[in-house]
Amino acid sequence: MQTKIIATLTQTRDRTPLASIRNMPGNDADLTPGQLRALARALNEIADSSEAMPMNGKHFTPRRREYDLTV
């Protein structure tokens, strides 16, 4: 499994948090329990980061971040 997951933190038209995730494990991915937990940790961190971003319309800038998938 790759060691990083890439997410762009952005917002929807009605200014709610949205995360666009790149390089997710593909279809039929075989993951160990440790890898599943690492993926879950990374996804929770993405959700927290997305919710923490200020959602003010005119000055909003999407942010691209990498999150570790260490087991």
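Residues numbered from 1 in each chain as written. Predicted model: local features only at pLDDT ≥ 70, side-chain atom pairs only at ≥ 80, totals over all residues. Heavy atoms only, no water.

A short note on the nonpolar core
- In terms of nonpolar packing, the biggest core is built from 11 residues, these being I5, A7, L9, L39, A42, I46, M53, M55, F60, Y67 and L69.
- Looking at this core, the elements with two or more residues in it are β1 (4–11) and α1 (33–52).
- With residues up to four places along the chain from it excluded, the contact list for I46 reads I5, A7, L9, A19, I21 and Y67. (Core = buried A, V, L, I, M, F, W, Y, C linked by side-chain atoms within 4.5 Å. Buried < 20%, exposed > 50% of the residue type's maximum accessible area, 1.4 Å probe, protein only. Helix = DSSP H or I, 4+ residues; strand = E, 2+ residues; numbered from the N terminus. Contact = heavy atoms within 4.5 Å.)

Side note on the side chain of T10
- Within the secondary structure layout, T10 lies in strand β1.
- Owing to a relative accessible area of 17%, T10 belongs among the buried residues under this scheme.
- When residues no more than four places from it in sequence are discounted, the contact partners of T10 are T16, P17, L18, M55, F60 and P62.

That's the geometry; what it means functionally is another story.
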